[in-house]
Amino acid sequence: MSVRVVVADDQELVRSGFSMILEAQPDIEVVAEAGDGTEAVAAVERYAPDVLLLDIRMPVMDGLDAARRVCARSACKVVMLTTFDLDEYVYEALYAGASGFLLKDVRRDDLVHAVRVVAAGDSLLAPAVTRRLVADIVRRRREEAAADVTPRRLEVLTAREVETLRLLARGLSNSEIATTLFVSEHTVKTHVSNVLGKLGLRDRVQAVICAYETGLVAPGSP
């Protein structure tokens with residue numbers, strides 16, 4: 001079955017370029033394109049895609065508002081597109097439920113890989129810049145809100161699930177976690193699913209944010 005994708009960007013050349021790259025793949029189908037946030041939300045509602053590539057800066061409704069609506073109303077995975085690797089909106093986008101982000105100058109192969117990874121239920125956590133963003137999110141939130149966040153939230157997890165969350169926060173893939181814990185990849189998927197369900201999290205990105213917020217992992221730790 002093909003991965004169904006909606007591409008949303010207010011620049012027609014960027015939008016059509018991404019669509020052409022993805023359509024050239026035998027396992028990916030671009031079901032719609034959108035020129036602003038409102039069109040993107042409508043396209044998701046109409047076509048029920050697996051992945052939405054969503055530009056942050058768009059007219060009518062920006063990508064951040066669109067991401068909030070899509071993530072709240074559907075199971076569609078959102079990948080934000082930006083020209084800036086430290087765009088302020090990226091922080092809010094991850095909190096809104098986005099599964100990661102890509103720079104618009106992303107290489108062809110990396111774009112295709114990202115769509116496949118996110119569609120499979122994983123998140124764009126491998127690039128160092130994403131891990132830096134997640135760490136910075138927590139630092140900013142703590143400074144701004146001075147919230148008293150404690151590890152008590154993690155008490156619902158088993159010891160093995162806590163360790164799985166710790167490894168997720170380090171950016172390890174399921175296969176890497178399996179190797180580290182000496183278990184099967186299927187067992188890791190079960191642990192990850194349990195972590196997300198017990199903590200009420202949408203995906204692995206939000207799990208990583210939770211790991212930082214609760215102090216399970218400290219910014220800058222290996």
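Residues numbered from 1 in each chain as written. Predicted model: local features only at pLDDT ≥ 70, side-chain atom pairs only at ≥ 80, totals over all residues. Heavy atoms only, no water.

Undergrad: Describe the nonpolar core, naming the residues involved and giving the relevant values.
TA: Judged by nonpolar contacts, the single largest core of 26 residues is most densely connected at A8, L52, L54, V70, V78 and M80. Elements with a minimum of two residues in this core: β1 (3-8), β2 (28-34), α2 (37-47), β3 (51-55), α3 (63-73), β4 (77-82) and α4 (88-96). Top contributing element to this core by residue count: α3, with 5 residues. In this view, V70 contacts V41, V44, L52, C76 and V78; residues no more than four positions away in its chain are not counted. (Core = buried A, V, L, I, M, F, W, Y, C linked by side-chain atoms within 4.5 Å. Buried < 20%, exposed > 50% of the residue type's maximum accessible area, 1.4 Å probe, protein only. Helix = DSSP H or I, 4+ residues; strand = E, 2+ residues; numbered from the N terminus. Contact = heavy atoms within 4.5 Å.)

Undergrad: Let's hear about the environment of D62: which residues, and what values?
TA: One can find D62 in the loop between β3 and α3. Residue classification places D62 among the partly exposed residues on the basis of a relative accessible area of 23%. A sequence separation of 22 residues divides D62 from A40, and the C-alpha atoms of the two residues are 10.0 Å apart. Among the polar contacts listed, one links the side chain of D62 to the backbone nitrogen of L64, at a separation of 3.1 Å. (Polar contact = N/O pair within 3.5 Å; in protein donor to acceptor, adjacent residues only side chain to side chain.)

Undergrad: Before we move on, could you go through the environment of K189 and cite the residues and values that matter?
TA: Considering the arrangement of structural elements, one finds K189 in helix α9 (residues 185-199). Taking relative accessible area as the criterion, K189 reaches 47% and is therefore assigned partly exposed. Separated by 14 residues in the primary sequence, K189 and S175 place their C-alpha atoms 9.5 Å from one another.

Remember that the coordinates give geometry; whether it matters functionally is a separate question.
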